[in-house]
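Reading the structure
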Amino acid sequence: MLELSRDPAQFRKDIRAWLASACPAEMKGRESHDGFAESDICWGGKRFEFSSPAQKEWMQNAASQGMTVPTWPVEYGGAGLSRDLQKIWLEELAAVGAKLPLQSFGIWMLGPALLAFGTEEQKKRFLPEIARGEIRWCQGYSEPGAGSDLANVQTRAEDMGDHWLINGQKIWTSYADQADWIFALVRTDRDAPKHKGISFMLIDMTSAGVTTKPIRLISGKSPFCETFFDNVKVPKEHGPGINAVVGEQNRGWDVAKHLLTHEREMIGSGSRGPLGGRSVGQIISSDSDLNGNPVLRAEAMKYEIDSMAVDLTLDRYKDMAGVGVPIGNASSMLKYQGTELNKRGYELLMSLTGMDAAEWDSTHGELASEWLRTKANSIEGGTSEVMLDIIAKRVLELPYK
Amino acid sequence: MESLLLNEDETMLRDAARGFLDASAPVTAFRKVRDEGTGFDRGLWAEMAQMGWAGVLVPENQGGADMGHRAAGILAEEMGKTLVASPFISSAVIAATTLRAAASDRLSGIADGSTIYALAIDEGAKFNPAGVAMEAIQSGNAFKLSGKKAFVAEGRNANRVLVLARTAGAAGEAEGLTLFDLDADRAGLTRDAIAAIDGRDYARMNFDNVDATGDDVVGEVGGGLAALQQGLNAGQAAVAAELGGVSAGAFGMTAQYLKDRKQFGVLIGTFQALQHRAAHLWAEIEVTASAIANAGRMLDTHPNDAAVAVSLAKARATKTAKLAVSEGVQMHGGIGMTDEFDMGFFMKRARVGAEWFGDYGYHAAIVAAARGF
Ligand SMILES: Cc1cc2nc3c(=O)[nH]c(=O)nc-3n(C[C@H](O)[C@H](O)[C@H](O)COP(=O)(O)OP(=O)(O)OC[C@H]3O[C@@H](n4cnc5c(N)ncnc54)[C@H](O)[C@@H]3O)c2cc1C
């Protein structure tokens, strides 16, 4: 592992030099490093098929330097970067047009939850594996009867002494059919009030009795699944001292909520940068008919204004988190703003590209499919209505029944 | 001003259409068309022709039912509610209106459903008739047409095509355009199917020295836009009406879901945040319905003065349908995002309808100009 300076100016030089050799040429010159174009993401995991040898090389080189999870502590596979150094890293990535070497639910969601709630044994067991891209996690929260009312989860975990016996169904589980493990909310106490009988459990997807069934989206793709648990045995310990439950038994709701703040900030951040490599400004100025359409022009102007301001806000809150102030319920505001903005951006792109983009496979790539996919942004990870509810109740403390 | 209320005949037409479509062409029928990739169901179209729908704007002496534009709007709206895929707007509305104004003798084929027309205007991503660049080079009474047309509705299944080409001037000029009425199998005309998001029939057309004569010209040489004017207005009004139906269909599903889905131990329709949005959507749909009805009435009573009414309807219907399908998906949560559920179909149809024959800004500009700014 190369020693990277902690002095910002020197760190920038170090990173630049490291990038020059560690990031294959093929992985540079991309439009956006921070975008959410799902097809081009390096997800890692045992079943993942790399799009190219260069993609794999980039992930592995970055992992060996801790740069797949730069802000995580070094002992868990990270590089221990401060927020300031992380910003420099992202700037340098953008400068060479490289995408993030690895992105995953492990990095976005489970990692932060384990860092906050995991035991030393759990962190040692799972975090480095996530950092190296060797494991892919999926999120088993939602059920048919537990969407916005997430605490209503009914999937049961019965205590069988040395193991848990799991029965139930999850739904909308993104990439369940590609995942190696699932972090799931299960009911471990059916008599307790609904928030107090849930545990946050780590389950191997190859366990007997776990099955997945892909669900097709309106975009034509099938990124999510129904996930069934039929008498699935989960050992109480995944190895010596490695508890299958994260946090306290029956206190999984606390872990779940903490994880959601990270998930929401991440989904909100999906609005940043060019829309799948496309710029509203560039498209509108490429065609005098578009530029002369007063309604499109006004909408594009409003979109640019709002997206610049939302970007600043995302940065402001990340800076706050960087100096140790948790984002907490403000993550609901970031998610609400970011996702509603992203939907607007894609609506605008569809209007600008007119009938061209009304084809599945068009001169604008898979824009139609991406546009349809953005409609889920304000649903997944908690709906916009739920975000506004949280702001009203928890941030503003407005009275409620 | 004419009353916007439905008269007795129109009420009967609407009820009959609704009864027929609910039974014979619910959204599941469209799903089948989408899955099979046929563009539309010929059997269904034949039945609709038999009921007089294909001839709704064709005079009785040419086999039509001659019910007028308001009636055509009623049919389009009912078809929008269940997402019926058919050549109704291209053939029964636009071609019928255009050819009737030109006293063409091809109307009986439209009325009996055997002739399916496509309208080929646009060459780019946005609706812009004056932007036509396709050439029709004239020598004496003969023309040779060369160029490309993008995203032609009914382009695959049509057996005739109305095509706008340039006999003079340059792209961007409203003058110098001529409308031709051609057999879709004419030598030199090739068509490539498009896989469109709304699952209907579209094609790209390529004209490579296609021969035409003066007999194929609709209206005057150089007067293509004038020849199309009434047909286009009728088509825009029908698309608006269809979008009204799309809005109502999406809204109906959503309102029902608010009464069925429970979270937090209660029906989600009890949440005031959703109640108010559903109420707002309904209020929007009501306002748009007036604009749609008015466009039909104006086309029937003042066809040469109807353009603003039509643009008003198309602009409103575009905006309302966008709201209805966005709210539709959002208020359904995860299930609204699935292909197995119908809401996505409404969303994709609303997107294409928003662009077809002019988007919100195109029509808003026409209204603004008429209002003196
Ligand atoms: C693409 C996609 C990926 C997803 N990935 C995952 C995943 O990986 N893992 C996972 O566990 N889940 C996942 N989800 C599920 C997602 O978290 C849920 O869909 C979401 O929480 C909403 O739940 P629901 O679908 O049951 O909708 P419902 O909760 O039934 O909501 C229906 C409507 O009612 C509204 N509503 C509900 N309660 C209130 C209220 N109190 N006040 C006002 N309005 C209210 C909602 O906002 C919504 O508009 C995914 C969803 C999508 C669309």
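Fair warning: this is a prediction, and the values are worked out from it, not measured in the lab. (Residues numbered from 1 in each chain as written. Chains lettered and ligands numbered in written order. Predicted model: local features only at pLDDT ≥ 70, side-chain atom pairs only at ≥ 80, totals over all residues. Heavy atoms only, no water.)

A closer look at the domain arrangement of chain B
How big an interface is tends to be stated in terms of the accessible area lost upon association of its parts. All names here are of chain B. We note that the domain assignment places domain 1 (8-115), domain 2 (119-224) and domain 3 (228-370) within chain B. Each of domain 2 and domain 3 has a C-alpha centre, and the two are 30 Å apart. The interface is formed by 14 residues belonging to domain 2 together with 14 residues belonging to domain 3. When domain 2 packs against domain 3, close to 1200 Å² is buried across both sides, 68% of that on carbon and sulfur atoms. When the buried surface of domain 2 facing domain 3 is broken down by residue, Lys126, Phe127 and Ile197 rank first, second and third, together holding 44% of it. In this assembly, domain 2 and domain 3 are joined by 4 salt bridges. The shortest N-O distance in the salt bridge between Lys126 and Glu355 comes to 2.8 Å. Summed over the shared surface of domain 2 and domain 3, the result is 5 residue pairs in polar contact (both at pLDDT 80 or more). Class assignment for the residues of the side of domain 2 that touches domain 3 results in 10 nonpolar, 1 polar and 3 charged. (Domains from an automatic or database assignment. Contact = heavy atoms within 4.5 Å. Buried area = accessible area lost by both parts, 1.4 Å probe. Salt bridge = Lys/Arg side-chain N within 4 Å of Asp/Glu carboxyl O. Polar contact = N/O pair within 3.5 Å; in protein donor to acceptor, adjacent residues only side chain to side chain. Nonpolar A, V, L, I, M, F, W, Y, C, P; charged D, E, K, R; others polar.)

What to know about the side chain of Ser86 of chain B
Residues and elements named next belong to chain B. Position of Ser86 among the secondary structure elements: in the loop between helix H4 (69-81) and helix H5 (88-101). Using a relative accessible area of 12% as the deciding quantity, one classes Ser86 as buried. Within the structure, the side chain of Ser86 is placed 3.0 Å from the backbone nitrogen of Phe88, a separation counted as a polar contact. Discounting residues that sit within four places of it in the chain, Ser86 has contacts with Phe40, Trp45, Met48, Met79 and Glu154. (Helix = DSSP H or I, 4+ residues; strand = E, 2+ residues; numbered from the N terminus. Buried < 20%, exposed > 50% of the residue type's maximum accessible area, 1.4 Å probe, protein only.)

Examining the interface of chain A and chain B
Contact with chain A, which involves 40 residues of that partner, is made by 38 residues of chain B. Of the roughly 3300 Å² buried at the junction of chain A and chain B (both faces included), carbon and sulfur atoms supply 62%. On inspection of chain A and its partner chain B, the count reaches 4 salt bridges. Linking Glu359 of chain A and Arg204 of chain B is a salt bridge whose minimum nitrogen-to-oxygen distance equals 2.8 Å. The tally of links between chain A and chain B comes to 19 residue pairs in polar contact (both at pLDDT 80 or more). Mapped onto the side of chain A that touches chain B, the elements with two or more residues apiece are helix H8 (288-291), helix H9 (294-322), helix H10 (330-353), helix H11 (367-374) and helix H12 (384-395) of chain A. Sorting elements by how many residues they give to the side of chain A that touches chain B places H10 of chain A first, with 6 residues. Tallied by class, the residues present in the side of chain A that touches chain B amount to 20 nonpolar, 10 polar and 10 charged.

Side note on the pairing of strand E5 (residues 198-204) of chain A
Across a regular strand the side chains alternate sides, sitting on one face of the sheet and then on the other. Residues and elements named next belong to chain A. With respect to burial, E5 is a largely interior element, 6 of its 7 residues being buried. The sheet contact formed by strand E4 (residues 181-187) and E5 spans 7 bridges and is antiparallel. Bridge pairing links Trp181 to Asp204 in E5. Two elements, E5 and strand E8 (residues 245-246), share 2 bridges in a ladder whose sense is antiparallel. Looking at the pairing, Phe200 lines up with Val246 of E8. (Pairing = 2+ DSSP bridges.)

Some thoughts on a nonpolar patch on the surface
Where nonpolar side chains cluster on the molecular surface, the patch consists of Val395, Leu396 and Leu398 of chain A and spans about 260 Å² of accessible area. Summarising the element assignment, Leu398 of chain A is placed in the segment after H12. (Patch = residues over 30% accessible without salt bridge, like charges linked within 9 Å, V, L, I, M, F, W, Y side chains within 5 Å. Areas by Shrake-Rupley, 256 points an atom, 1.4 Å probe, with all protein chains shown as cover.)

Considerations on the state of the cysteines
Residues and elements named next belong to chain A. According to the stated counting rule, one finds 0 disulfides over all chains in the structure shown. Free cysteine Cys23: the closest other cysteine sulfur is in Cys42, separated by 12 Å. Cysteine Cys138 shares no disulfide, and the gap to the nearest cysteine sulfur, in Cys225, comes to 8.1 Å. (Disulfide = S-S within 2.5 Å.)

Examining the packing of helix H4 (residues 105-117) of chain A against helix H6 (residues 252-269) of chain A
Residues and elements named next belong to chain A. Axis separation between H4 and H6 bottoms out at 9 Å; the angle between their running directions is 135 degrees. The pairing of H4 with H6 is recorded here as oblique in orientation. Crossing of H4 over H6 shows right-handed handedness. On the side of H4, the interface is formed by Trp108, Met109, Leu110, Pro112, Ala113, Ala116 and Phe117, while H6 contributes Asp254, Val255, His258, Leu259, His262, Glu263 and Met266. Partitioning the contact of H4 with H6 into residue classes produces 10 nonpolar, 2 polar and 2 charged. (Axes fitted to C-alpha atoms, helices over the stretch in contact; angles between N-to-C directions. Parallel < 35°, antiparallel > 145°, perpendicular 65-115°, else oblique. Left-handed = near helix turned anticlockwise from the far one by under 90°.)

Focus: the pattern of salt bridges
Taken as a whole and judged by the stated rule, the model has 55 salt bridges over all chains. A salt bridge links Arg191 of chain B to Asp185 of chain B, with the nearest nitrogen and oxygen atoms 3.5 Å apart. A salt bridge links Glu355 of chain B to Arg351 of chain B; the shortest N-O distance between them is 2.9 Å. You can see Glu355 of chain B and its partner Arg351 of chain B sitting in helix H10 (residues 343-355), 4 residues apart, about one turn around the helix. Arg351 of chain B matches Glu355 of chain B in its accessibility class, with the two residues each being buried. In this structure, a network of salt bridges that share partners links the residues Arg83, Lys87, Arg272, Asp311, Asp315 and Asp319 of chain A.

As for the site of the ligand
In the vicinity of the ligand there are 28 residues, among which Ser148, Trp172, Thr383 and Glu385 of chain A together with Arg261 of chain B approach most closely. Neighbouring residues of the ligand are distributed over chains A and B. At 2.9 Å from an oxygen atom of the ligand is found a main-chain nitrogen or oxygen belonging to Tyr141 of chain A. One of the side-chain N or O atoms of Thr383 of chain A is found 2.6 Å from an oxygen atom in the ligand. Starting from 970 Å² of accessible surface for the ligand in isolation, the protein chains cover 95%. Residue assignment for the shell around the ligand shows that the elements contributing at least two residues are strand E3 (163-174) of chain A together with helix H9 (307-332) of chain B. Among the elements that take part in the shell around the ligand, E3 of chain A stands out by supplying 3 residues, more than any other. When the residues that make up the shell around the ligand are grouped by side-chain class, the tally is 12 nonpolar, 12 polar and 4 charged. (Near = heavy atom within 4 Å.)

Observations regarding the confidence of the model for chain A
Fine structural detail should not be taken from predicted coordinates in areas where pLDDT scores are low. Taken as a whole, chain A shows an average pLDDT of 94; of its residues, 98% reach a score of 70 or greater. Low pLDDT, under 50, characterises residues 32-36 of chain A; the stretch is placed with 15 contacts to residues that sit more than four places away or in other chains. (pLDDT = per-residue confidence, 0-100.)

Some details on H6 of chain A
Taking 1.5 Å per residue as the helical rise, H6 of chain A with its 18 residues ought to reach 26 Å, and the 26 Å between its terminal C-alpha atoms agrees with that figure. With 14 of its 18 residues buried, H6 of chain A lies for the most part within the structure. (Expected span 1.5 Å × (residues − 1).)

Considering the domain arrangement of chain A
All names here are of chain A. When its domains are assigned, chain A resolves into domain 1 (9-103), domain 2 (137-250) and domain 3 (269-395). Summarising the inter-unit geometry, the C-alpha centres of domain 2 and domain 3 are found 31 Å apart. Summing both partners gives a buried area of about 520 Å² for domain 2 against domain 3, and 58% of it is carried by carbon and sulfur. On the domain 2 side of the contact with domain 3, Ile218, Ser219 and Lys221 bury the most area, a combined 67% of that side's loss. Taken together, the connections running from domain 2 to domain 3 amount to 1 salt bridge. With its nearest N and O atoms 2.7 Å apart, the salt bridge here joins Glu366 to Lys221. Taken together, the links from domain 2 to domain 3 amount to 2 residue pairs in polar contact (both at pLDDT 80 or more). A per-class count over the side of domain 2 that touches domain 3 returns 2 nonpolar, 2 polar and 1 charged.

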